[in-house]
Structure formats: structure tokens, C-alpha cells
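# Summary of the model geometry
Here are the chains, one letter per residue:
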Amino acid sequence: MHRLYQKAILYIVIFVSFSTGLSAQINDTVPVAVNTELAQIFNQKFPKQYRIAGISVSGTQSFDHNLIVSISGMAIGDKVQIPGTDVFSKAITKLWKQNLVSDVSINLVNLVGDDLFVEIAVVERPRLVQLEVLGVKKSEKEDIIAKIGLAKDRVVTEDMKLSAIEVIRKFYYDKGFRNVRISSDEKMVEGIANAISLTYTIQKGNKVRVNSINFTGNESQSDLRLKKQMKGTKEMSKITLFPDKVVSPYGDTTKSPGFKDYVKEAAFLTPTRTKEYLDPYVRLKLFSGAKFNETKYQEDKEKILDYYNAQGYRDAVILKDTPVINQKGNLDIDILVNEGRQYYFGNMVWKGNTRYSDSILNILLGIQKGDIYNLELLDKRLGRQMSMEGGDISSLYQDDGYLFFRVEPIETAVYNDTIDFELRMAEGPQATYGRITVSGNNKTKDYVIMRELRTIPGDKFSRADIIRTQRELSQLGFLDPEKISPNIIPNSDNGTVDINWAVEEKSADQLELSAGFGGGIGLTGTLGVTFNNFSLKNITKKSSWNPLPGGDGQRLSLRVQSNGRMFRSYNFSFTEPWLGGKKRNSFSVSYYNTRYSNTYDSFGLFCKECGKNSYINTTGFGIALGKQLKWPDDYFNLVFAVNLQQYRLKNYSNIFRGLSNGTSTNINAKITLARNSTGGSPIFPTSGSNFILSTQFTLPYSLMGITKGDANEFQLPEFHKWRFSGEWFVPIGRPLGADQNKQFILRAAAKYGFIGRYNKDLEISPFERFQIGDAGLSNNIALLGYDIIAHRGYPIYSSSNPRVNPDGGSPNEFFTIFNKYTVEMRYPFSTAASSTIYGLAFFEAANGWYDFKEYNPFKLRRSVGVGMRFFLPMFGLLGFDYGIGLDRYTQEGGIKGAAKFTFMLGQEPE
């Protein structure tokens, strides 16, 4: 383009500077004049002003003449002074900037008096009418066309053609194809003026992988440690093919079978013999991601230097690095480093601190004289790097209101291998909260969000308040945790800080719908709705129904389920999280009614009319009141609940031994102490813990004369029940990639349960026992209010077969004691509000017992497996697990016989 531009300028120089090169063009629009005066126009002794009286355009094929004249900036009537004008050179510059022409010149074609007639002569650039990419797959072709940006009917320049080649080359470089060859072919399209077709032919070649990375000059750090820092540049794993012959553990020399056969046979050998047996294959590995990416390679070199700096080698440099393609087409990278000397921290002197003493700051800093020099660690301990963890100097001050606090580490002396620092602080005044606002909430009322805020106007500023408020808002369930943002506006003039809490609402309502029809059974199905941001007080206002009244943060759940004539259930619950609106006192009320009919006759045949005369009807009502505690801290909640369940039996003998007709009423109270400090989304917690301790009990009715053997033995069941559950969530490592949410999360959980009796002469109540096994779903519709404890990899436990009978057992066979331990490693694939998806690998151990005589907390059924979780706001949580019961494994059944696939819906099972 630069050469063409020079060419155009040359044209104007020819026409403007040399009178012998001037020519007059005569056409219909340009008046004819004597050329003698025009030929002498540049030989005048004094500049003379002329008027542009006519402008013509030549050479255009597709562009309108008026467009060319408009772009040039010239117009009839403009005044030009010759010699000395720059009007023509500016016009050429403007035309070049549009990239519409490949050549342009301005000719003076006629002169009549002071009227000058000019011609703009252009050579148009071609237009693209067809683009083809050959030699690659369709998906790659679509990606390439989108990236190069050459659109149909667009004017094409040489720079665009070359840029397209570079874009294609980079596209394949990033995929590891560094030997890619790209050729372009340009053809004129017949029948269309000044139109071309472009064809790029691509030969990818083989992927270039990193064969080896070799370090020299690294005396203190091993090659392996330095390679670990190179997250984006990995060596290609080596593959050793099976040898033709191997010596088996049995001493004979045989032809090598496949590796799968070796592993299968070696699995039944002793560890020593297994190693011997597989020794020829110890180097067998799968290919790893060893493609070479130039950008990531440059980043990895910086990571190597950062690692050296963290080890005290602040002068470390990479002197030379040479990626060389070897004979096999792969890269060998040689990196020469100069470590320099290792440095250590010297004296740390504090300056400007008045609020906290040097001794307190030194303890919190945690860096002693003689520690290895690490500037990144120093910045982190000072709080100069943004972190949500706290525990640094800046957090100490900002939690005490010092929003304007600043600290700067200054090197004051470097002697031998020791560096002294002066830590200069500017504490500033303590700030208070000023104006607090909320934005982004279209449905949710302002007060619902404001009551969750810990940033109260007039209170002293605290960084901890900001973090806690973010947690409280994310726990509401109808705000997107990733979009909660405190926009902090400090006002240094008056020492206040204004905060605008920007939020984004997400869909939190859930719908459960299924339907079917079976011969003889009738209509079956489920209809359930849950509204997580309901408004009871607006239920009478028609204007608030959209489709239901909402915005007050209340929760309403309605569910109807039917299995034809066999089973039907109605469920209702309502929760007000702030009863009275002033304190975090929750109020909940629930009601359910179920009917389970015996639709089979004595011969085991389906009977339409049998259900009318043989059934159990269960009605339950509960009310709960919760209160947030201030001690030991305000993460604690205390909940009091009263529950009533009534069971009416008619010719139904499958529940209580010796009792087919009658009524049983279970009235119990429950006290729960809970502490929940988990952070992140409620669906995918990323930190903190959750502890629940509860006791549930009835009155000791045995003191009223109800003893074993009486006809009303189950009329008023009595029991006391104790539960403990603890969960911990710990982030592992650093986030993978730019997304800070893509991080492994370790979940560890422990659960215990026990149900007892007041009178040793009575059996333990069949109510409220523990069902263990499977996905946490009941095998008998949970008629007696069992706690359903999931154990992946196992069917529901039963006493009829201690090795686990998948058919389950009758209700009074469920356990009175249980232990369960879980360790999960989770990884999120998506944490978006529209869909939260994460995978997990788990280890579980659990068991149940009937009394303390047989209780053994170390005798547990173990399982391992993997699973996936999908949370869709409309349908709730979906889960799939594939578990292998280790204690179910037998040589006959193998892995297949010990494995079990489980499915869960609604919420994470216990």
C-alpha cells in the first residue's frame, strides 16, 4: 500500500511540477480552452488564485462519481492558489484512507480565465464476491471465515489478504500445527465488474508437540520443579510399545499379549509379582496436552522467573531460550537461566503506625529476619494484593474503619544477601458508611435486600461487612451470586463511603410436572411448584400477579402427586424468613396429606376396589420458629419446631405388627442448633462450613401406663432422637484459567444419628428411624417419617440380609443408629445463574445398627464413584452418580456386580 501511495503522490507531482506532463481532457462536461495558458500555470512568477469550476471522475466501475468527489473533499467553487496549494494532496490522502482505490491521480484538464477544471482518475480495488477455504474440516472452515473477517461485497486490499493468512496461521499455531502451509489464489469473476474470488488452501501438517524441555544453569532448582511452573507448556508423554517378548512371573518367556490382558491377570498377583509382571510397561502413558503455544510459552517463562523470585532469587533471568524443531517435527526447548544469588529478609521497620503497635503488626506479618526473600509474599501479607481471605495488614485496618489505609514497602539497604525494608504506612481517618443504595432489582422489593445488608449508614466501615453482605445476598437464592457487586465510592472530604449494591435477579421458581396413564391404575403424575420470592401480603392485589405476587422473599411450595388408585399426596409449605420484618426470625408452616391403598388382593392380583377397604391415611402438620443468635457468633441459628403426624389404618397390616385398624398420633418437638458459614452459591458452596445439631422428642407416654402388649401400643409413640451433621468446604489449589470460579473444591462431611426410648421395657419406636442406602429415596413412600440417608453404590440396607438386600425390608427393620462419612472432590463446569453444572468424585463409608451392643463405628460399608450435578432454576437440582460398593465386590460378580447407578432430583440427599 505504501508503494501505491508513493505512486499516487508521484502522479500529482508530475502534474503539478512539470508543465510538459500536463494534458487537457476534453469531454461533454469540461469546457474547451486554450492549453497554452494551462501549460504555463506552474511557471508563473507569482501565485495566482483560481476557482474550481468543474470536477470529473474517470476510472470508476462500481462507485458513484459523486461519492468519489465527496470523499476527496473538493467542491465546485473552492478557491485554490497555484503554485502553493495543498488541496490536491489532501484530496488524494482522503481517498487513500477509504481503501477503495489502488491508484489515484488528479489531472488539471482545462483552464478558462480563472476557472480551473480538474479530473480525479482512480483505479478501483476489486470487491470480494466469493471466499473459499479448502483442505480443512467444515467446523474449522466456519471458524476461520468468522475470524478473518472478509465479507462478501467488501473491498479487498493487499493488507487484508495478508492479514487473513496470518489469522489462519495463528489459528493453527494455537492448536499446535506450527508447520501449517497456506496458499491463496485470486481470480477475476466473469460477468461481474471488478469482482474477485479468493481461495485459501491449507495444509495443516502434523501437530508440533513439545518433545523435551531442558534447563541449564539451574543449580538450586531441579528441572522438574521448573517444568511444574510451566502450566501451558508441557512435554509430550513418552510411549513405549509392548516388547515382542517378556518374562512372565511364572518364569516362561512368552509373546507379549495386550496390555489389558496383562492388567487383568496381574490384578490377582501379589504386589511384588504385579510390579514384576508389569515392569516392561512402567513407561506406558497416554498422550498429554503437549502442543506448543507461543503466547502460553512466553507466559510460562514469566512464571519461571516469578518462581525464582519467590525462592529469593530476585536477580534471576533467562539468558537464552531456543525452541528447535527436531527431525520428527517436534520441539526441543533449551532454556538457559542465570539464577543469581539468593536473598533474605533483613530488618523490617514500621513507620507511620499509630493504631497498632509494631509487635502486633510483626505477628500478623509473619516474616522474620533471615526468612527467604519473597516480594510476592510480602505484598500478600501487607494486603497489597486483592484477596477475600483476609488475615493481612490491610484487612486489619480496613475491618477497623480505615478505608483510606495505605502501606508501601521501601527497600532501605541491600548488603551481601540481606535486604532491609521500611514499611511506610498512611493510616488515614476512620471512615463511616454514608449513603447505601440498591440497584438492579426489578421484582424484589428494596427492603428485602436492604435488611440483609451489614453496611448500615453511620456505622464504621469494615471490609468484613462487605464480604458478609455478599454472602448473605447470595444465600437468598433469587439473586445471581456472580453479579452481586458493591460499588464503593469513598468520600475523603467528609470521611464517609457510599455504596451502591448492584444485583441481578435470577429465576428462582421451580416447576415439577409429570403425567401418565396406566391400565387399571388410572392417571398418574406429579404437579409441583415452588416460589422462592413470594409475597403473601400482595396476594389480594391484582396488579401484583405477574404471574403470582412476588418480591417479598417468602417461600411457597405446593405439590400434588398421584399414582392412580394406589397413592396420592398433597403437600403445602410456607416460610417467612423475617417474621415481623425487624429481626431475622424465620417462621415456617407446613401441611401434608397422603393416602396409600392396598390395590392387590390376597392372591397378589391387581384389584380396583380393594383400595377402598385397605389403606393408610397420613396427615401431618408442622410449625417452626427460628432465631438468629449473636453468641458465639451470628452465624448460629436456633430453631424450635412442633410436628404432628396422624396415621389412620383400615385393614392395612403392612405397618405395625398385629395392628391393621386404628389411629396412631405422633406429636413431637424438635430443637435445632445450626451454624452455616458457607460461602459462594448455596448450590455450589466454595468455602466455610455447615453444622447442624438437633434433638427431637415426644413426651414419655410410658409414664402414663402405656406398656408393651397393650392394644394401643402405637397410638402415642414415644422416642427421643439425636442428629449431628457437619460439612466442610475447602478450595484446593488455584483457579484454572481466567475464571476465578473454576477451582477444585474439597467437601468433607460427617453425619451421625441415634433414636432411643424412655422405657427399656418398650421396643424402640418404628417412627423416625434411619433408612440407609441407594440415592436417598424411600422404598415405601416414607410413611413413618424416616430420615433417608443416601449411600451411593449400595441398595437400601436391610436386616434380612446383612450383606445388603436390594429388596429392602418392612418399616420396623430400619436402623436406630447410623454413621456416615463422605469425601468429595468437586469441579464446576458452569456457575452461571441459568445453569450450575459440576462434576464430582466421591468416597463414602456408612453403616446402620439396631443397638449399642452391636455398634462399631469402624465397621463401615465403603464405596467410591463419580457423579454430575445439574441445577436448572426451573426444575431444581438433578444428579447422577455411578458408585461402586467396595464391600459388595466379589470375584464372581466383578465391578459390574458391585456397581450401582443412582439418580436424584430436587435436593442433595443426606
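Look a little higher up for the structure.
An account of the accompanying structure is given in this report.

Reading guide: rules and limits
- Residues numbered from 1 in each chain as written.
- Predicted model: local features only at pLDDT ≥ 70, side-chain atom pairs only at ≥ 80, totals over all residues.
- Heavy atoms only, no water.
- Helix = DSSP H or I, 4+ residues; strand = E, 2+ residues; numbered from the N terminus.
- Buried < 20%, exposed > 50% of the residue type's maximum accessible area, 1.4 Å probe, protein only.
- Contact = heavy atoms within 4.5 Å.
- Areas by Shrake-Rupley, 256 points an atom, 1.4 Å probe, with all protein chains shown as cover.
- Axes fitted to C-alpha atoms, helices over the stretch in contact; angles between N-to-C directions.
- Parallel < 35°, antiparallel > 145°, perpendicular 65-115°, else oblique.
- Left-handed = near helix turned anticlockwise from the far one by under 90°.
- Nonpolar A, V, L, I, M, F, W, Y, C, P; charged D, E, K, R; others polar.
- Salt bridge = Lys/Arg side-chain N within 4 Å of Asp/Glu carboxyl O.
- Pairing = 2+ DSSP bridges.
- Phe/Tyr/Trp six-rings, centres within 6.5 Å; stacked < 30°, edge-to-face > 60°.
- Lys NZ or Arg CZ within 6 Å of the ring centre and 35° of its normal.
- Core = buried A, V, L, I, M, F, W, Y, C linked by side-chain atoms within 4.5 Å.
- Arc of directions from axis to C-beta.
- Patch = residues over 30% accessible without salt bridge, like charges linked within 9 Å, V, L, I, M, F, W, Y side chains within 5 Å.
- Lys, Arg positive; Asp, Glu negative; His and termini not counted.
- Charge placed at Lys NZ, Arg CZ, Asp CG, Glu CD.

### Observations concerning the overall build of the protein chain
Within the protein chain one finds 16 helices and 37 strands. Residues counted as buried form 43% of the 910 residues belonging to the protein chain. By sequence separation, contacts in the protein chain at least 24 residues apart represent 61% of the contacts at least 6 residues apart. For the protein chain, the exposed surface amounts to about 47,600 Å²; the carbon and sulfur share of it is 55%.

### Section: the packing of helix H5 (residues 138–148) against helix H6 (residues 158–173)
It is the contact of H5 with H6, at a shortest axis distance of 9 Å, that shows an interaxial angle of 135 degrees. Taken together, the axes of H5 and H6 lie oblique to each other. Between H5 and H6 lies a crossing of right-handed hand. Contacts between H5 and H6 pair Glu140, Asp143, Ile144, Lys147 and Ile148 from the former with Ala164, Val167, Ile168, Phe171 and Tyr172 from the latter. Residue composition of the contact of H5 with H6, grouped by class: seven nonpolar, no polar and three charged.

### Observations regarding the pattern of salt bridges
Pairing between side chains of opposite charge can happen when the charged atoms of each approach one another. Taken as a whole, this structure holds 40 salt bridges when the rule is applied. Across the pair Asp400 and Lys460 runs a salt bridge, and its minimum N-O distance is 2.8 Å. Here Asp400 is found in the loop between helix H13 (393–398) and strand S14 (406–415), whereas its partner Lys460 is found in the loop between helix H14 (446–450) and helix H15 (463–474), with 60 residues between them in sequence. Among the salt bridges present, the one from Arg869 reaches Asp881, with a minimum N-O distance of 2.8 Å.

### Some thoughts on the pairing of strand S28 (residues 685–697)
The pairing of strand S26 (residues 662–676) with S28 spans eight bridges and is antiparallel. Looking at the pairing, Thr672 lines up with Ser694 of S28. Inspection of the sheet shows strand S27 (residues 679–680) paired to S28 by two bridges, in the antiparallel sense. Each bridged residue has a counterpart across the sheet, and for Gly680 the counterpart in S28 is Pro685. Here S27 hands over to S28 after four residues, the two strands then running antiparallel side by side.

### Details of the sheet that holds strand S16 (residues 432–439)
Consider a sheet: its strands pair through backbone hydrogen bonds, and that pairing is either parallel or antiparallel. Reading across the sheet, the three strands line up as S16-S18-S17 and stay open at both edges, with mixed pairing between neighbours. Single-partner strands in this sheet number two, and they are S16 and strand S17 (485–491). When strand polarity is set aside, the average angle formed by the axes of neighbouring strands in this sheet is 20 degrees. As defined by bridge partners, S17 adjoins strand S18 (residues 496–502) across seven bridges and the pair is classed as antiparallel. By the bridge assignment, Asn487 is partnered in S18 with Asn500. Of the strands in this sheet, S16, S17 and S18 are in contact with H15, which crosses S18 at around 20 degrees.

### Focus: the packing of helix H3 (residues 65–72) against helix H4 (residues 87–97)
Their axes nearest at 8 Å, the elements H3 and H4 cross at an angle of 115 degrees. Mapping the contact onto sequence places Ile68, Ile71 and Ser72 in H3 and Ala91, Lys94 and Leu95 in H4. Looking at the contact of H3 with H4 residue by residue, the classes come out as four nonpolar, one polar and one charged.

### Focus on unusual backbone geometry
With an omega of 0 degrees, the peptide bond between Trp631 and Pro632 qualifies as cis. Tracing the chain through its elements places Pro632 in the loop between strand S24 (615–628) and strand S25 (636–650). At Asn416, a position not held by glycine, the phi torsion is positive, near 55 degrees. Relative to the helices and strands, Asn416 resides in the loop between S14 and strand S15 (418–426).

### Digging into the packing of aromatic side chains
Using the criterion set out here, one finds 29 aromatic pairs in the structure. We note Arg314 situated over the ring of Tyr373; from NZ or CZ to the ring centre the distance is 5.8 Å. Positioned above the aromatic ring of Tyr635 is the side chain of Arg468, whose terminal nitrogen or guanidinium carbon lies 3.7 Å from the ring centre.

### Description of the nonpolar core
Core analysis: the biggest nonpolar cluster contains 30 residues, and Met74, Ile82, Phe88, Val104, Leu116, Val118 and Ile120 have the highest contact counts within it. Leu128, Ile165, Tyr172 and Leu198 belong to the second-largest nonpolar core, a separate cluster that totals 21 residues.

### Focus on H4
For H4, the full list of buried residues reads Phe88, Ala91, Ile92, Leu95 and Trp96. Looking straight down H4, one finds that the buried residues subtend no more than 135 degrees of arc, so they occupy a single side. Looking one or two residues beyond H4, the residue adopting positive phi is Asn99, at roughly 60 degrees.

### Topic: the sheet that holds strand S3 (residues 101–112)
Strand order in this open sheet of four strands is S2-S1-S4-S3, and the pairing throughout is mixed. Where the open sheet ends on each side, the last strands, each with one partner, are strand S2 (79–82) and S3. Averaged over all pairs of adjacent strands, the angle between strand axes in this sheet comes to 40 degrees, irrespective of strand direction. As defined by bridge partners, strand S1 (residues 48–58) adjoins S2 across four bridges and the pair is classed as antiparallel. Of the residues in S2, the one forming a bridge with Gln49 is Gln81.

### A closer look at the pairing of strand S22 (residues 567–576)
Relative to S22, strand S21 (residues 554–563) runs antiparallel, the two sharing eight bridges. Paired with Leu558 across the strands is Phe572, a residue of S22. Sheet analysis places S22 next to strand S23 (residues 585–597), joined by ten bridges and oriented antiparallel. By the bridge assignment, Phe572 is partnered in S23 with Tyr591.

### What to know about a positive patch on the surface
On the surface, a cluster of positive charge is made up of Lys137, Lys147, Lys175, Lys207, Lys291 and Lys296. With respect to the helices and strands, Lys175 occurs in the loop between H6 and strand S6 (181–188).

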